[in-house]
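Structure at a glance
Read off the chains here:
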Amino acid sequence: MKIDLNYIWKKKYRKLLLILGLLLTFFPIILRVFFNLKILSISDWLIALTALIVFWYSRETFDLKTVANKQLIEARKQTFLNIRPFIRLQWINNDGIRIINEGYGIALNVRLSFSNGGVINRTIISGEKASKSYTDAGYEDMINKKTDISSSFFFTRKYSPNDNVYTIDVTYQDVAGIFYLQTFRTDSILNDKYKLKHWDIPEDFKSIKMKKVDAEEL
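Just so we're clear, the structure is a prediction, and the values are computed from it rather than from any experiment.

**Let's talk about the overall build of the chain**
A count of helices and strands for the chain gives three helices and 10 strands. Shown N-terminal to C-terminal, the secondary structure of the chain runs as helices and strands in the order α-α-β-β-β-β-β-β-α-β-β-β-β. In the chain, which comprises 218 residues, the share counted as buried stands at 33%. As presented, the chain carries roughly 14400 Å² of accessible surface, and 60% of it is formed by carbon and sulfur atoms.

What follows is the structure, encoded as structure tokens:
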């Protein structure tokens, strides 16, 4: 039978140390009393028992530190999720896009880049707790227009999610200067008409093992 030493170290070390401690305590006494054998002196026995106790204390301290680190990581994750901006897109009135900040943090320098041409910029979109956490954009807000976008009518014709398939890369940053990216794709079945495909976790948070989330995996 194969012994999993890693399992013993993580899960069973207390039992192992307890057994060793009992052996160190009683086995030499049993040998001396019943068999008149002396394999350890009193000093050797005390040193071995002390080493066992020190090891036990060190291992318990290590476990406490590990738990504390996990709690700190979770606290950082929750703080990050609570203060970060998070954008949602919605097609409105068949002639424009509503850019909504669902997060608590302020979104700065918001940029919508359309795969079928055109860009929409917004300087600031307040967070969810503000009285207005969204902004509407239409033909007049589109920059880098192609020649076929000459009016609101043609804007609707080109960008209506009911009739066109395209993606939108949304980039922005928070007040701390951390950059974010979200990607949407048109989906006529949804009420908002835009499906969130993936969103990135900033580089600053890679140390706490937060990764990009892909909607296809959900």
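From this point on, the discussion continues.
**Concerning the pairing of strand 8 (residues 179-186)**
Across seven bridges, strand 7 (residues 167-173) lies against strand 8 in antiparallel orientation. Residue pairing in the sheet places aspartate 169 in a bridge with threonine 183 of strand 8. Hairpin connection from strand 7 to strand 8: five residues lie between these consecutive antiparallel strands, with glycine 177 at a positive phi of about 85°. Strand direction decides the pairing type here: strand 8 and strand 9 (residues 194-199), joined by five bridges, are antiparallel. Each residue of the ladder has a partner; that of arginine 185, found in strand 9, is lysine 195.

**Observations regarding the sheet that holds strand 1 (residues 87-92)**
The strand order across the open sheet formed by three strands is 1-2-5, and the pairing between neighbours is antiparallel. The open sheet terminates on both sides in strands that have one partner only, identified here as strand 1 and strand 5 (134-137). The average undirected angle you get between the axes of adjacent strands in this sheet is 20°. Relative to strand 5, strand 2 (residues 96-101) runs antiparallel, the two being bridged by four bridges.

**Regarding the pattern of salt bridges**
Per the stated rule, a full pass over the model turns up four salt bridges. Note that arginine 88 and glutamate 102 form a salt bridge whose closest N and O atoms lie 2.5 Å from each other. On the criterion of sequence distance, the pair formed by arginine 88 in strand 1 and glutamate 102 in the loop between strand 2 and strand 3 (107-114) is long-range, its members being 14 residues apart. In this structure arginine 88 comes out as partly exposed when scored by relative accessible area, which is 28%. Taking the relative accessible area as the measure of exposure, glutamate 102 reaches 29% and is therefore partly exposed. Aspartate 136 serves as the salt-bridge partner of arginine 98, at 2.7 Å between the closest nitrogen and oxygen. Within this pair, whereas arginine 98 is found in strand 2, its partner aspartate 136 is found in strand 5, the two being separated by 38 residues in sequence. Through salt bridges with shared partners, a single network forms among Arg88, Glu102 and Asp192.

**Considerations on unusual backbone geometry**
Phi angles above zero are rare outside glycine, and asparagine 109 is one such case at about 50°. Secondary-structure assignment places asparagine 109 in strand 3.

**Some words on the nonpolar core**
Core analysis: the biggest nonpolar cluster contains 27 residues, and Leu89, Ile99, Leu112, Phe114, Ile168 and Val170 have the highest contact counts within it. Mapped onto this core, the elements with two or more residues apiece are strand 1, strand 2, strand 3, strand 4 (119-125), helix 3 (152-159), strand 7, strand 8 and strand 9. The element that contributes the greatest number of residues to this core is strand 3, accounting for four residues. In this view, isoleucine 99 contacts Ile87, Arg88, Leu89, Val110, Leu112, Ile120, Arg122, Ile125, Ser133, Tyr134, Thr135 and Ala137; residues no more than four positions away in its chain are not counted.

**A few points about the environment of threonine 183**
Among the structural elements, threonine 183 can be located in strand 8. Spatially, the C-alpha atoms of threonine 183 and leucine 112 are 9.4 Å apart, while their sequence positions differ by 71 residues. Residues in contact with threonine 183, not counting those within four places in the same chain, are Thr167, Ile168, Asp169, Lys195, Leu196, Lys197 and His198.

**Topic: a nonpolar patch on the surface**
Together, Ile106, Ile124 and Val175 give the surface a local cluster of nonpolar side chains, amounting to about 290 Å² of exposed area. Within the element layout of this structure, isoleucine 106 appears in the loop between strand 2 and strand 3. Residue isoleucine 106 is classed as partly exposed on the basis of its relative accessible area, which comes to 35%.

What counts and how
- Residues numbered from 1 in each chain as written.
- Predicted model: local features only at pLDDT ≥ 70, side-chain atom pairs only at ≥ 80, totals over all residues.
- Heavy atoms only, no water.
- Helix = DSSP H or I, 4+ residues; strand = E, 2+ residues; numbered from the N terminus.
- Buried < 20%, exposed > 50% of the residue type's maximum accessible area, 1.4 Å probe, protein only.
- Areas by Shrake-Rupley, 256 points an atom, 1.4 Å probe, with all protein chains shown as cover.
- Pairing = 2+ DSSP bridges.
- Axes fitted to C-alpha atoms, helices over the stretch in contact; angles between N-to-C directions.
- Salt bridge = Lys/Arg side-chain N within 4 Å of Asp/Glu carboxyl O.
- Core = buried A, V, L, I, M, F, W, Y, C linked by side-chain atoms within 4.5 Å.
- Contact = heavy atoms within 4.5 Å.
- Patch = residues over 30% accessible without salt bridge, like charges linked within 9 Å, V, L, I, M, F, W, Y side chains within 5 Å.

These values are about where atoms sit, not about what they do.
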